[in-house]
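Single-letter residue listing:
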There are 4 protein chains.
Amino acid sequence: MSYDIRDLALAQRGHQRIQWASRHMPVLNQLKEEFATEQAFRGKRIAASLHITTETAVLLSALQAGGAEIALSASNPLSTKDDVCAALVEDGIHVYAQYGEDLPTYQCHIKQALAIDPHLVMDDGADLIIALHNSPAGGSVVAGIEETTSGVVRARALAADKLLRFPVIAVNDTPTKHYFDNRYGTGQNTIDGILRATNTFLAGATLVVAGYGWCGRGIAMRARGMGARVIVCEINAIRALEAVMDGLQVLSMAEAAPLGDIFVTATGMAGVIRPEHFLAMKDGALLANSGHFDVEIDVAGLRQIATGEQEVREHLSEYQLPNGRAVYLLAQGRLVGQVAAEASPAAVMDLSFADQALCTHYLLNAQHQLAPGVYDVPSDIDERVAQLKLQALDIKLDTLSPEQVAYQHSWQYGTEG
Amino acid sequence: MSYDIRDLALAQRGHQRIQWASRHMPVLNQLKEEFATEQAFRGKRIAASLHITTETAVLLSALQAGGAEIALSASNPLSTKDDVCAALVEDGIHVYAQYGEDLPTYQCHIKQALAIDPHLVMDDGADLIIALHNSPAGGSVVAGIEETTSGVVRARALAADKLLRFPVIAVNDTPTKHYFDNRYGTGQNTIDGILRATNTFLAGATLVVAGYGWCGRGIAMRARGMGARVIVCEINAIRALEAVMDGLQVLSMAEAAPLGDIFVTATGMAGVIRPEHFLAMKDGALLANSGHFDVEIDVAGLRQIATGEQEVREHLSEYQLPNGRAVYLLAQGRLVGQVAAEASPAAVMDLSFADQALCTHYLLNAQHQLAPGVYDVPSDIDERVAQLKLQALDIKLDTLSPEQVAYQHSWQYGTEG
Amino acid sequence: MSYDIRDLALAQRGHQRIQWASRHMPVLNQLKEEFATEQAFRGKRIAASLHITTETAVLLSALQAGGAEIALSASNPLSTKDDVCAALVEDGIHVYAQYGEDLPTYQCHIKQALAIDPHLVMDDGADLIIALHNSPAGGSVVAGIEETTSGVVRARALAADKLLRFPVIAVNDTPTKHYFDNRYGTGQNTIDGILRATNTFLAGATLVVAGYGWCGRGIAMRARGMGARVIVCEINAIRALEAVMDGLQVLSMAEAAPLGDIFVTATGMAGVIRPEHFLAMKDGALLANSGHFDVEIDVAGLRQIATGEQEVREHLSEYQLPNGRAVYLLAQGRLVGQVAAEASPAAVMDLSFADQALCTHYLLNAQHQLAPGVYDVPSDIDERVAQLKLQALDIKLDTLSPEQVAYQHSWQYGTEG
Amino acid sequence: MSYDIRDLALAQRGHQRIQWASRHMPVLNQLKEEFATEQAFRGKRIAASLHITTETAVLLSALQAGGAEIALSASNPLSTKDDVCAALVEDGIHVYAQYGEDLPTYQCHIKQALAIDPHLVMDDGADLIIALHNSPAGGSVVAGIEETTSGVVRARALAADKLLRFPVIAVNDTPTKHYFDNRYGTGQNTIDGILRATNTFLAGATLVVAGYGWCGRGIAMRARGMGARVIVCEINAIRALEAVMDGLQVLSMAEAAPLGDIFVTATGMAGVIRPEHFLAMKDGALLANSGHFDVEIDVAGLRQIATGEQEVREHLSEYQLPNGRAVYLLAQGRLVGQVAAEASPAAVMDLSFADQALCTHYLLNAQHQLAPGVYDVPSDIDERVAQLKLQALDIKLDTLSPEQVAYQHSWQYGTEG
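Residues numbered from 1 in each chain as written. Chains lettered and ligands numbered in written order. Predicted model: local features only at pLDDT ≥ 70, side-chain atom pairs only at ≥ 80, totals over all residues. Heavy atoms only, no water.

Draft legend 1. Broad picture of the packing of helix α8 (residues 175–198) of chain D against helix α9 (residues 214–225) of chain D. All names here are of chain D. Closest axis-to-axis distance for the α8/α9 pair is 7 Å, and the angle between their directions is 45 degrees. Classed by the angle they form, the pair α8 and α9 counts as oblique. In the crossing of α8 with α9, the sense of the turn from one axis to the other is right-handed. Every residue of α9 that contacts α8 at H178, Y179, N182, R183, Y184, T186, G187, Q188, T190 and I191 is listed here: W214, C215, G218, I219, M221, R222 and A223. (Axes fitted to C-alpha atoms, helices over the stretch in contact; angles between N-to-C directions. Helix = DSSP H or I, 4+ residues; strand = E, 2+ residues; numbered from the N terminus. Parallel < 35°, antiparallel > 145°, perpendicular 65-115°, else oblique. Left-handed = near helix turned anticlockwise from the far one by under 90°. Contact = heavy atoms within 4.5 Å.)

So this is what it looks like as structure tokens:
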């Protein structure tokens, strides 16, 4: 068996921690049982590029129980948990990832994962999809799955250029994923990452969040819930108006820069906070990113203007500026909740990964022949995941009576009815 | 000039109150100027069935400034403000509406409004659209606009039955309408209506909201913000999960009935709270509806089981139950924020009515020939309304640099970038 | 029987509305039964100067059931409900109050109430207490009770000048009063009053609250819960820091004046918002007061600089300013929740008035001979009121075991224990 | 120089981290300068038993700059940071503490700290005070300072037994301490500790907080702000009512036990969660304590009924119960925010420790001769600390004009004024 990980001896701790995550993923565990019974993925090979966390291990374990052969590389050099890698290798998964690996190694690992000649690629940032498209066509791949906003943007750009070779399901875009994982999951892990990296005091702090998408509003709600005053920066007029009416202050980044104590980017866009902003900030300002790629804060630009740099705590670097002030970069500008904390909790990843598992099942099922393109998660999958989660939480919904269903489809009822 | 209103002498007070609303509708006022300059609706006739409030008057004034001839009936017998009717008649609009009119009069007024032979019908609950479809085909009507969830459901049902005769734009479904008016507007006016009708104490009260759509979550947020404990009832699994993760308790109505102090329906569905629920409620429970039609609380069923009924305050009726308890119905089960309070504030109606005004302009423009069907608001209209509102609020957005636009459309950038 | 009210014919509506309030005052109703059984106030005369609301009627009814003879005047010319006055007269209480009475009448009514030669005065702003001290000593009065922050300040000033002639219990200062009535009650009725007077849109509005005492923080919490952005002005450093750490912006009034859409005073201080502030405000700014006296907003100063004045809605006056802008004064600068809405809801007045009822019992009980001075509510009264309320809400507390009581009083347990 | 620490080589990292804390403690740094200038503590010896964190180091550094000789032991065996100990020793402070030391060592270290023969003891849980009182009288000690609720309870019990030998200032009870550190500081660090120990998902979780004092309400607010549903358990009727009106559910622990996903104690009482509660809990329930001593959760009782125990993550122990379920204890039942996270952030400890520093100054000043007893912080100290903090935050207060001061002290102004 092929693999490249830090230390196989970490497997026991990995298994223990995976077990803790698994306790909080009832939907995925139920799917695992179903997959095992029907041997849903017998003979199928899957390559995955994911944040290698305990929750990811539970997903892969469900696919493996269904008979799949799996190769795994990282989707971020700093989010890999070495103990999880070890446990997965012990379970028979080909893992090519080490915490803190450099970029050439990271890219080499992607190639190694693809060497399995996968039927399906499962992506978190589209690195596998892009790697396949940067290589000659061919191989067994019939479909892809993409989990993040950033990756979906890339897949759509590929499709717009008429280059996409196979269907890709945009798991990110489905309600049971982005309403939950982005808002509540990233919302929590961003706060968690900021606290672990800095132990800063949120009550009374001014937190500037760039982007009021699902991640951004999850962060804003929680920051406010912890006592911070929140300022939002946006490029979209409707989102900006929502932020206003949610009671938040909306400013341009140029206006917000001198006011913030903590800055968080969650946009999917590059160069959101730039040198002109760093220079306008208060002494001691904290800079954190929650977007998938490390391009939202212009770290290169920061390094260029800095007169000095030192690590003051784990995941916290001080940059002295020519104006005599200092700003502090968290987690090197990589996604703070993955790097400085432990990514989204298992209980919410249960939804996203159940979507992934069911989409894998859908795409590897010969009946569904899809043309190349970016697809939504089939709505019955979305609905089923939500239903399973509510059952696990023991929550009852109301149901419509036949009369109510009739009412819903009639146009005769009204003020006169 | 033809009209049927309560008392023309109320016109001065109506004008004064309309002026107060107009102060808070900068977007509509800007559109009014544009319409007047280009005489955008010269020669066009519009029939409208709307809640006749001060904000509606500002909308109609903008259309009239563009040259339109307008006939107006109510969209709810209890939401009509007689002083506004008088002011509108004084301004030359054909108004057929009186507060508290009975159902036959209400329906007769709809027919009178349609007697203008409109080119366009503007609806709030689809009563005009349905009335036209219950009559023989013919006339000048080329398009309709529908403002509410309930009305859009009816228009879609008509389209599904292949009976819809002209294009209808579902203003309700556009972000600048339902994200704002439904959530923040109805959210506020529902709380306002409950307080005016009852002076009940929200802090520590248990408020049960049926429906966690945009209206429902606006109500839930505000009820909580006023100190209430909120329970949500839903039929949709994804919305139910959102409510759970927003920190609210989710129960079936049968489970919630004995727990609630205040019940609010916001579903668009009939028979949401029924006799079996009334009988399970605490003595003193309050029943309010925020849906468009008065069918969400089963008032007929309540009357059937009640052993006595009396009005205890304006807009508040006591129903004695055979179990010795009493429940209290607000505003006869009609939408509480329109009847017991003053509907959504001008500042948020500014958005919805700007959508209506611009959609009217779009539909009456000969260039846009649409087949019968239910359509979304064109996205450039939506975007423009939001932009105008932000300008009026003096709020600045960030804008993308050319490099950022390129980043957005590229698939090459990634972890390797 | 002597009285001076608007119209005795309003009694039936008054009774009906009092009945509605009484439903939500279980503690007071239980005390009423006790007082009636023991005829607790037989032969005692009480003069009261209170906001004459339905809740006040329930309090007086409890005292009357105990045998007291009662004379009542208003504590604010604009908070008197004429239908309540009528109902009280019908029940045999001497009422001297009419809605909107002018100042000479108001003062005359105070004298008429005192003509009963009371054993106890019950005050809301200390007008009775002050009137007694502005007259020669003598009469039957043995004690007073004061309900508001503003009135307690006056009683303490009198005591500090060594002029106070009898003991006064500061009901306002007891936890079951000011933690609840001031924070949750005034918090709610202020929002309610603002909405009824203006139908303004709170979501996205900037609300400036002057004073972060219990009233101010109740208003701030609720304004925020309705979607407003809140700015706090304070003179006290500790309260200001609390506001900061509650996530609110703290500014001086000079800094806040140009930023606010809505201003609310809740300070107990005079001249909090002055001409220099009015002139710095945005066109359309709203001015509301929640303090007991109409001195917090400098209305005289506003009138002096105004170039025009008109009433634009009930309880809403426009003042044109020399700079071309206009500001809007609610309820003539009197307490907005009492005048434009219905004062604090019955469910919370149940606590304050239970305190008043039990303090009356305590003070009229010959055993408690107190020297002149301002006293706290006896803590067993406070505790009893809270316990009775919890019982009415059917809420269970934990209780300490004997071992836990021992732990509480021991100093031996610690890290070594 | 005498000390007993883990490893002096950790000093550099300690200094670096202390520097990070110091950045966020502007008030303490200003006091440090003042103390240094006046050599305020020259010739004085101070023994301290404190959580040995980076913030504590900044406090001790300020005292040392004033000339004090300092000996330090821990106030909790698990909250000691070994790198901070090393840095302090390098700076010349006698430190007797190691992370995870056993109870005999812990107690021995207390004795070693007292061997300095202090003039003043500074306590966090009263262990030094109690140790002095368990020894024969004598020595140089003239005063004590106590920082926690739990320690003040012990000092008061000692005073009630007429055993207290010297004055003790209850820093815990002063507004700039418990309004801030307890509410906002412990509120945040408790959430932080729970997340670090478990990575649990707060959105939608039911969190039961025992105790609605300042710590408890800080925890409740933040838990809710992170999306949890909060249940409160109380023994005090007034606090329970406040929780109700803050929109929280109030239940007895017996009622709450089967409902909670996460339990947090913040009471200062022993045996709050007991075996009968553990057995009623859901499988997977989390148990955390935020009170000073590890007695709030009955850990001994839990061990007694458990059929198995294992550590599943750092600071997280699983206890299998005879009913087949498991519950999870965080941080061995010791204060979770100190043990699993990093205690309250520097920015809020700046207030508490400024109080401590100024009280030290006050007590060691020969002019203030106090009899044995428990004293409040002098109010001018409290006020000064708040003022200094506001200055550091660049926040302006309003100030009273002479007319306003006069108004405040007059009883003549009123409705007639």
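Next comes the rest of the description.
Draft legend 2. Summary view of the interface of chain A and chain B. Taken together, the contact between chain A and chain B spans 71 residues of the former and 71 residues of the latter. For the pair chain A and chain B, the summed buried area comes to about 6,100 Å², and 63% of that belongs to carbon and sulfur atoms. Connecting chain A to chain B are four salt bridges. K396 of chain A is the partner of E255 of chain B in a salt bridge, and the nearest nitrogen-oxygen pair spans 3.7 Å. On the surface where chain A and chain B come into contact, there are 14 residue pairs in polar contact (both at pLDDT 80 or more). Those elements that place two or more of their residues in the side of chain A that touches chain B are α5 (103–114), α6 (127–133), α7 (149–160), α8 (175–198), α10 (237–245), α11 (253–256), α16 (379–393) and α17 (402–408) of chain A. (Buried area = accessible area lost by both parts, 1.4 Å probe. Salt bridge = Lys/Arg side-chain N within 4 Å of Asp/Glu carboxyl O. Polar contact = N/O pair within 3.5 Å; in protein donor to acceptor, adjacent residues only side chain to side chain.)

Draft legend 3. Layout of the domain arrangement of chain A. Residues and elements named next belong to chain A. According to the domain assignment, chain A consists of domain 1 (8–177 + 345–392) and domain 2 (184–339). Taken over C-alpha atoms, the centre of domain 1 sits 29 Å from the centre of domain 2. Opposite the 16 residues of domain 1 that make contact, domain 2 presents 12 residues. Across the contact surface, domain 1 and domain 2 share one residue pair in polar contact (both at pLDDT 80 or more). (Domains from an automatic or database assignment.)

Draft legend 4. Looking closely at the relation of the copies chain C and chain D. Once turned by 180 degrees and shifted 0.0 Å along the axis, chain C lies on chain D with an RMSD of 0.1 Å. Here the transformation between the copies is reduced to the relation of a two-fold axis. Mapped onto chain D, 100% of the interface residues of chain C again fall at the interface, so both copies present the same surface. (Least-squares fit on C-alpha atoms with pLDDT ≥ 70 in both.)

Draft legend 5. Region of the structure containing the packing of aromatic side chains. By the definition in use, this model includes 18 aromatic pairs over all chains. Taking 4.7 Å as the distance between ring centres and 65 degrees as the angle between the ring planes, the aromatic pair formed by W20 of chain B and Y328 of chain C counts as edge-to-face. A residue pair is termed interchain when its members come from two chains, as with W20 of chain B in helix α1 (residues 11–23) and Y328 of chain C in strand β14 (residues 326–330). The residues W20 of chain B and Y328 of chain C share a single accessibility class, namely buried. Taken together, a centroid distance of 6.5 Å and an interplanar angle of 50 degrees make the contact between Y179 of chain D and F180 of chain D tilted. Since its relative accessible area comes to 22%, Y179 of chain D is described here as partly exposed. What links up through ring pairs into an aromatic cluster is the set Y179, F180, Y184 and W214 of chain C. (Phe/Tyr/Trp six-rings, centres within 6.5 Å; stacked < 30°, edge-to-face > 60°. Buried < 20%, exposed > 50% of the residue type's maximum accessible area, 1.4 Å probe, protein only.)

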